[in-house]
Protein chains: 4
Amino acid sequence: MNIAISNTSDKPIYQQLYEQISAQILKGELASGYPLPPIRQAATELRVSIITVKKAWEELERLGLIYTVTGKGCFVNDLSPSEMLQKRKEIIQKQMVMDASYYKSFGLTLEEVFELLKEIY
Amino acid sequence: MNIAISNTSDKPIYQQLYEQISAQILKGELASGYPLPPIRQAATELRVSIITVKKAWEELERLGLIYTVTGKGCFVNDLSPSEMLQKRKEIIQKQMVMDASYYKSFGLTLEEVFELLKEIY
Amino acid sequence: MNIAISNTSDKPIYQQLYEQISAQILKGELASGYPLPPIRQAATELRVSIITVKKAWEELERLGLIYTVTGKGCFVNDLSPSEMLQKRKEIIQKQMVMDASYYKSFGLTLEEVFELLKEIY
Amino acid sequence: MNIAISNTSDKPIYQQLYEQISAQILKGELASGYPLPPIRQAATELRVSIITVKKAWEELERLGLIYTVTGKGCFVNDLSPSEMLQKRKEIIQKQMVMDASYYKSFGLTLEEVFELLKEIY
DNA sequence: GTGGTCTAGACCACT
DNA sequence: GTGGTCTAGACCACG
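Residues numbered from 1 in each chain as written. Chains lettered and ligands numbered in written order. Predicted model: local features only at pLDDT ≥ 70, side-chain atom pairs only at ≥ 80, totals over all residues. Heavy atoms only, no water.

Chain A goes by GntR family transcriptional regulator in an unreviewed UniProt entry, where it is assigned to Xylanibacillus composti.

K.L.:
In this structure, what is going on with the overall build of chain A? I would like to understand it.
P.N.:
Within chain A one finds five helices and two strands. Across chain A, helices and strands are ordered from the amino to the carboxyl terminus as α-α-α-β-β-α-α. Taken along its principal axes, the extent of the C-alpha atoms in chain A is 55 × 35 × 20 Å. Each of the 121 residues in chain A was classed as buried or not, and the buried ones make up 40%. Looking at chain A alone, contacts between residues at least 24 apart form 46% of all its contacts between residues at least 6 apart. Counting only carbon and sulfur atoms, one obtains 52% of the accessible surface of chain A, whose full area is about 6700 Å². In chain A, 14 positive and 15 negative side-chain charges are present, and the distance between their average locations comes to 7 Å. (Helix = DSSP H or I, 4+ residues; strand = E, 2+ residues; numbered from the N terminus. Buried < 20%, exposed > 50% of the residue type's maximum accessible area, 1.4 Å probe, protein only. Contact = heavy atoms within 4.5 Å. Areas by Shrake-Rupley, 256 points an atom, 1.4 Å probe, with all protein chains shown as cover. Lys, Arg positive; Asp, Glu negative; His and termini not counted. Charge placed at Lys NZ, Arg CZ, Asp CG, Glu CD.)

K.L.:
What exactly am I supposed to notice about the UniProt feature "domain: HTH gntR-type" (unreviewed entry) in chain A here?
P.N.:
The positions that UniProt labels "domain: HTH gntR-type" (unreviewed entry) are, in the present scheme, residues 11–79 of chain A. This span, residues 11–79 of chain A, is 51% helix and 12% strand, and a straight line between its end C-alpha atoms measures 28 Å. (UniProt positions renumbered as here; feature names shortened; annotations may be inferred.)

K.L.:
So what exactly am I meant to see when it comes to the protein's contact with DNA strand E here?
P.N.:
Around DNA strand E, a shell composed of 30 residues is seen, among which Ile13(A), Ser49(A), Thr52(A), Arg40(C) and Lys54(C) lie nearest. Counting only atoms of DNA strand E within 4 Å of the protein, the fraction found in sugar and phosphate groups is 68%. The separation between a phosphate oxygen of DNA strand E and a polar main-chain atom of Ile13(A) is 2.3 Å. Side-chain polar atom of Tyr14(A) to a phosphate oxygen of DNA strand E: 2.8 Å apart, as the coordinates give it. Broken down by secondary-structure element, the contributors of at least two residues to the surface near DNA strand E are α1 (13–26) and α3 (50–62) of chain A, α2 (39–46) and α3 (50–62) of chain C together with α1 (13–26) and α3 (50–62) of chain D. In terms of residue class, the surface near DNA strand E is made up of 12 nonpolar, 10 polar and eight charged. (Near = heavy atom within 4 Å. Polar contact = N/O pair within 3.5 Å; in protein donor to acceptor, adjacent residues only side chain to side chain. Nonpolar A, V, L, I, M, F, W, Y, C, P; charged D, E, K, R; others polar.)

K.L.:
Could you clarify how one ought to interpret the environment of Cys74(C) in this entry?
P.N.:
All names here are of chain C. With respect to the helices and strands, the residue Cys74 is situated in strand β2 (residues 73–76). With 68 residues separating them in the primary sequence, Cys74 and Ser6 have C-alpha atoms 24 Å apart. Other than its neighbours up to four places away in sequence, Cys74 contacts Tyr34, Pro35, Leu36, Trp57, Ile66, Tyr67 and Thr68.

Here's what the structure looks like:
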């Protein structure tokens, strides 16, 4: 678990948390069954509130990436490689649709988007 | 001036406003010297608060796309075609850098981004 | 808005809240566009924490029964009668599946369930 | 003894235990005097904590379905067929009353409950 | 004024 | 020990 929190970011802390963890799971860096740190421990280490960690963990569960066992802890779900790819695609494209509508509002064609993206990626 | 406001969007209204207007300016749809509608009129027509319109106009001025003449109103800046292209690129890429960092966090290569973007654009 | 909170119930408060409100919406008692009370007001009146009300409102939004406008408030969604029936069925059957599995574990047939249910309904 | 435990279920494990065992007793699958497995053995086989099994056994005793002989173990109570039917009805209807109140809160008539239940049972 | 987020504690149920 | 819930405040962005 390697998480970086930015208090100055415009993104809420809980969103930073679940975005980073979901990315790690979907990159295969956290194997199935891997136990997430206890919310209290995570809260202490990251210097955020328990409730903030809880919110992030809840979102991960809603995304189907982890499961919770009361009294035991939270664990990375067992997903087949194809399920992982599918979930990754879903999560990324959900964001991408919004990004694309922004580009479109400036009249950019797909080719122009590619050109600009190439310069900075 | 053709603006569409969505109250249910997650984007703040003032942001929807300045994004759409800046896009129209940079697409050349609003010529230099074109007078933006008075704040009160715009607020009435769009059924939003005066404060909201003011915030959007201020952002446009900050972006260097319009200028304000006290007591007269706000007008589209006089930009050379090359300046327009430059500003458009700046504004779009500023957003694009953030989008890209999100994609990168999932380990996507530039090619994968292209693939996914193609599907939805 | 007529809500009854029980602190002695085994159900969490936020669940009592969204169950009662969703029931009222799906019974048509709260018309489309009806503004829910502001979370702070609701929290004060019901003598619960803001965060508890927020959680209930969030669940209602997730169920597609209300929508939130930041800075304005939360409002009952505009659903066609058929959509309402569909949502009602979804929500109720989700619970019903769990109830049924309990009855089945005692070896009850559908007819026996009907018999017992008739006595108490 | 045929017990299936789900760690991911929302039901507590001890509840899953006593529900399944009480169902088996009331279906007559476990005859009177039948000795329940020792707590430690059950805990090992089911891979749950001793405390969890103990809690389940205690609940069964509270329901009047088993009795404990210190130093010997726990045994299924001797119930006449009519007592069994009575207890089964009690236990099921106790749950059913809660289920029914949920359905009622959505304004469902008994007939509507039957319709929906038929689809999933 | 509204909702969105966050904190630093607390108590409870489950294992 | 774990997660589940809750409180009573607080600050911020939006309108």
